[in-house]
Structures are given as C-alpha cells and as structure tokens.
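Descriptive structure summary
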Amino acid sequence: MELLIRIAGKDIIVPDTIVNVWVVTVLLIIFALVVNKKIKKASIDEAPSNFLNVIEALVDVVEGLVKDTMGPQNMKFAPYILTIMCFLIVANLFGLLGFSPPTSDYSVTFSLALITFVLTQYWSFKNAGGLLGYLKGFTEPMAFLTPLNVIGELANPISLSFRLFGNIMSGGIIMALLYNALGYIAPLITPPLHAYFDVFSGVLQTFIFIMLSMIFIGGAAE
Amino acid sequence: MLQGITSEAFILGCSAIGAGLAMIAGIGPGIGQGHAAGHAAEAVGRQPEAQGDITRTMLLGQAVAETTGIYGLVIAIILLFVRPLLTAYLNLGL
C-alpha cells in the first residue's frame, strides 16, 4: 500500500516498497525483543528450548562463516553480518506474501551497499594510518593506475547494490508478466517459479551479499 | 509508411527495441556461469570432500560474473519503465 504524506501543501508519495521496509524492520525488532527476553530467562543448567536451539544454530553458522572468511581477529563484524542477513532474508522472502519485496527498490539496496562501503573505507583509512597513507594506497602498484583504482573502489557499492536489486526486481517483473498473461490458471503454473524466483534467488542473493560484504570489509580490516 | 505514427509512439517503440537489444548482454554471463559450474562439477568429481568450499567459491564467482548481465538488465528496465528518451523529447518542446 502506498502512503500519501502532506507536508506544507506538498504531496509526498511514499512507495509501497518503502512502507514494506518499515514493516520488515518492525517485525525484526519484535523478533529481537522476543529472543532477548527468552535468552535472558534461560538458565545455563537446562537444555535450551527448541526455539532457542534454532537461534543458537543460526548464530553459530554466521560466526563460523565470519571466522572462515574474515579471520578470527575480525569477529567483531559478526553482529553486523547477522543483522543484514536477517534483514535481507525477510525482505527477499516478503514477496511470497503478495507484497512487493523491499529489495526491489533501488534506494534500499543502495543504502545497504553504502553501509558496507563506508565500513570498508573507514577500516582501510584506519589501517593505513591517516590520510596520507590512505591516499597512497590508491597509487599502488603504479602511480598511473590511480584513476583505475579509484573507479574500482567506487564500483564496488554500485555493483553490490545492482546485483541484489536486479535479481529481485527481475524476478518480480517476470512473475507479474506471467500473472497477467495466464489469468485464472496462473495458480496452477506459478508455484515452482515462485520457489525459484523468490525462495532460491532470494536466499542465494542474501548469501552472496553477505559474502561479498565480508570479503570487502575483511580485505580492508586485515 | 511512418505517416500514421506519432513521435511519442515512435520513441516508445524504439525504446522497446533498445531494451531488447540491451538484454543481449545476458549471453556473456550465461556462458561464464556455465563454464564456472562445469569446472566446479569437475573439481567436486576430483575432490568430493571439498564440496562445500567449491560450491561457495563457485557461487561467489558466478555472482561477480553476473554483474555485466545485471547492468544490461538495469538499462533495459530503465528504458522500459523510466522512459528517459520520451522525457527528453517532451522537454525539447518541439
């Protein structure tokens, strides 16, 4: 659903993808509060309940992935990776419920990629030891390659965001075309395509987004 | 032959043809991803115990190879839905 906000006589249309971002965010916040409450109540002596077992397994998997990809000294990034993973999985699978998935809006994927970009630049700045060392990093291995290095660095967030956006968006467009073309017999034919475009593609793109984020940040944070 | 066609319709039609041509970019990633998957299958055949690592590396490489195809797709989507050429023509005010 679209929202219409009227500020000082001007109409601002908030597209449904942006509204869905807030829905996903609120859902995840409620989920986090529930997990927080349950984990505080749990005692060490007893075996964890089924729900907590699943959460522990999820945290374990992400920590193992971060340890394998970024090295044990970069474990401080594991919470960030788990956060974007939860958000992206819920956002990509949101299309299954009949809403437009939040990640089919370019502003959402670009802001996610910008977070990774800023983290990468911050850590390479910190590790280079000041502005001079940071700028000097662009002139390696040879001075005349500087423009290429700068473009290569700027292309990372763009390709990262377009990959996610393109995959989810194209899946949505293909499904919309099919629903329009097939009419009443669409529910007979579309379920396997939903399994591919929404579930498989969404989970795969989540995995690829967090893997590339880990590689970029890990490369900068050494 | 072109007499019955308005300029707007002509620009829209040409944009649709351009979008179709932009999707030729899908050939490259298709070949590249198939190549990567084939070699990964070979690697799993040679070393079945490293299947997890091979699959992860293959998916990552395929994702990066896909980038050019996604760029073509984005251009096609922009041509079809944002219609920058039509806006530019209307702004000319001819």
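Predicted model, so just to flag it, every value in this text is computed and none were measured.

Calculation rules
- Residues numbered from 1 in each chain as written.
- Chains lettered and ligands numbered in written order.
- Predicted model: local features only at pLDDT ≥ 70, side-chain atom pairs only at ≥ 80, totals over all residues.
- Heavy atoms only, no water.
- pLDDT = per-residue confidence, 0-100.
- UniProt positions renumbered as here; feature names shortened; annotations may be inferred.
- Helix = DSSP H or I, 4+ residues; strand = E, 2+ residues; numbered from the N terminus.
- Core = buried A, V, L, I, M, F, W, Y, C linked by side-chain atoms within 4.5 Å.
- Buried < 20%, exposed > 50% of the residue type's maximum accessible area, 1.4 Å probe, protein only.
- Contact = heavy atoms within 4.5 Å.
- Patch = residues over 30% accessible without salt bridge, like charges linked within 9 Å, V, L, I, M, F, W, Y side chains within 5 Å.
- Areas by Shrake-Rupley, 256 points an atom, 1.4 Å probe, with all protein chains shown as cover.
- Salt bridge = Lys/Arg side-chain N within 4 Å of Asp/Glu carboxyl O.
- Expected span 1.5 Å × (residues − 1).
- Buried area = accessible area lost by both parts, 1.4 Å probe.
- Polar contact = N/O pair within 3.5 Å; in protein donor to acceptor, adjacent residues only side chain to side chain.
- Nonpolar A, V, L, I, M, F, W, Y, C, P; charged D, E, K, R; others polar.
- Phe/Tyr/Trp six-rings, centres within 6.5 Å; stacked < 30°, edge-to-face > 60°.

A word on the confidence of the model for chain B. Overall, the predicted model of chain B reaches an average pLDDT of 90, with 98% of residues at or above 70. Here the complex is predicted with pTM 0.86, and the ipTM for its interfaces comes to 0.79.

This part takes up the UniProt feature "domain: V-ATPase proteolipid subunit C-like" (unreviewed entry) in chain B. As annotated in UniProt, the feature "domain: V-ATPase proteolipid subunit C-like" (unreviewed entry) corresponds to residues 17-79 of chain B in the numbering used here. Structurally, residues 17-79 of chain B comprises 86% helix and 0% strand, and the distance from its first C-alpha atom to its last is 9 Å.

What follows concerns the nonpolar core. Core analysis: the largest hydrophobic core is formed by 35 residues, its most contacted members being A:V66, A:I81, A:F87, A:F209 and A:M214. The contact partners of A:F87, leaving out residues within four places of it in the chain, are A:V21, A:V24, A:T25, A:L28, A:V108 and A:L112. In terms of nonpolar packing, the next biggest core, distinct from the first, is built from seven residues, A:F165, A:M169, B:L73 and B:V74 among them.

Before going further, it helps to examine a nonpolar patch on the surface. All names here are of chain B. The grouping of I17, L21, I24, I27 and I31 at the surface amounts to a nonpolar patch, some 540 Å² of accessible area in total. Breaking the nonpolar patch down by element, the ones donating at least two residues are α1 (7-22) and α2 (27-46). For I27, the location among the structural elements is in helix α2. Residue I27 is classed as exposed on the basis of its relative accessible area, which comes to 54%.

Looking at the secondary structure, you find A:S170 in helix α6 (residues 146-182). On the accessibility criterion, A:S170 (17% relative accessible area) is buried. Here A:S170 is in contact with A:F165 and B:L73, once residues within four sequence places are set aside.

Taking 1.5 Å of rise per residue, 15 residues should cover 21 Å, and helix α3 (residues 51-65) of chain B covers 21 Å from first to last C-alpha, within 8% of that figure. Looking only at α3(B), the buried set comprises B:I54, B:M58, B:L59, B:L60, B:Q62 and B:A63. Where α3(B) is buried, its residues meet α6 and α7 (186-221) of chain A together with α2 and α4 (67-82) of chain B.

With that settled, consider the pattern of salt bridges. All names here are of chain B. A full pass over the atoms with the stated rule returns two salt bridges over all chains. D53 is the salt-bridge partner of R56, the closest N and O atoms lying 3.9 Å from each other. With R56 and D53 both in helix α3 and three residues apart, this pair spans about one turn of that helix. You can call R56 partly exposed: its relative accessible area is 24%.

Turning to the interface of chain B and chain A, a few remarks are in order. Between chain B and chain A, the residue contacts involve 13 residues of the former and 19 residues of the latter. Buried surface at the junction of chain B and chain A, both sides included, amounts to about 1,300 Å², of which 80% is carbon and sulfur. For the pair chain B and chain A, the number of links is zero salt bridges. Inspection of the chain B/chain A interface yields three residue pairs in polar contact (both at pLDDT 80 or more). Among the secondary structure elements, those contributing two or more residues to the side of chain B that touches chain A are α3 and α4 of chain B. Sort the elements by how many residues they give to the side of chain B that touches chain A and α4(B) lands first, with seven residues. Broken down by class, the residue content of the side of chain B that touches chain A amounts to 10 nonpolar, one polar and two charged.

On to unusual backbone geometry, then. All names here are of chain B. Positive phi is not limited to glycine here, since R83 has a value of about 50 degrees. Assignment of secondary structure puts R83 in the loop between α4 and α5 (84-92). Looking at R83, the relative accessible area reads 39%, which means it is partly exposed.

With that settled, the discussion passes to the environment of B:G72. All names here are of chain B. Inspection of the secondary structure assignment puts G72 in helix α4. With 49 residues separating them along the chain, G72 and M23 place their C-alpha atoms 5.7 Å apart. When neighbours within four sequence positions are excluded, G72 is seen to be in contact with A22, M23 and A25.

All names here are of chain B. In the numbering used here, UniProt assigns the "transmembrane region" (unreviewed entry) feature to residues 9-28 and 70-92. Note that residues 9-28 is 80% helix and 0% strand, and that its end C-alpha atoms are spaced 32 Å apart. When the span residues 70-92 is considered, its composition is 96% helix and 0% strand, and the gap between its end C-alpha atoms is 31 Å.

What follows concerns the packing of aromatic side chains. Tallied over the entire structure, the rule returns 13 aromatic pairs over all chains. Relative to A:F165, the ring of A:Y106 has its centre 5.4 Å away and its plane inclined at 65 degrees; by these criteria the two rings are edge-to-face. Of this pair, A:Y106 sits in helix α4 (residues 106-128) while A:F165 sits in helix α6; the two residues are 59 residues apart in sequence, bridging distant segments of the chain. Residue A:F165 is classed as buried on the basis of its relative accessible area, which comes to 10%. Following the ring pairs from residue to residue traces out a cluster consisting of A:Y106, A:F110, A:F162, A:F165 and B:Y71.

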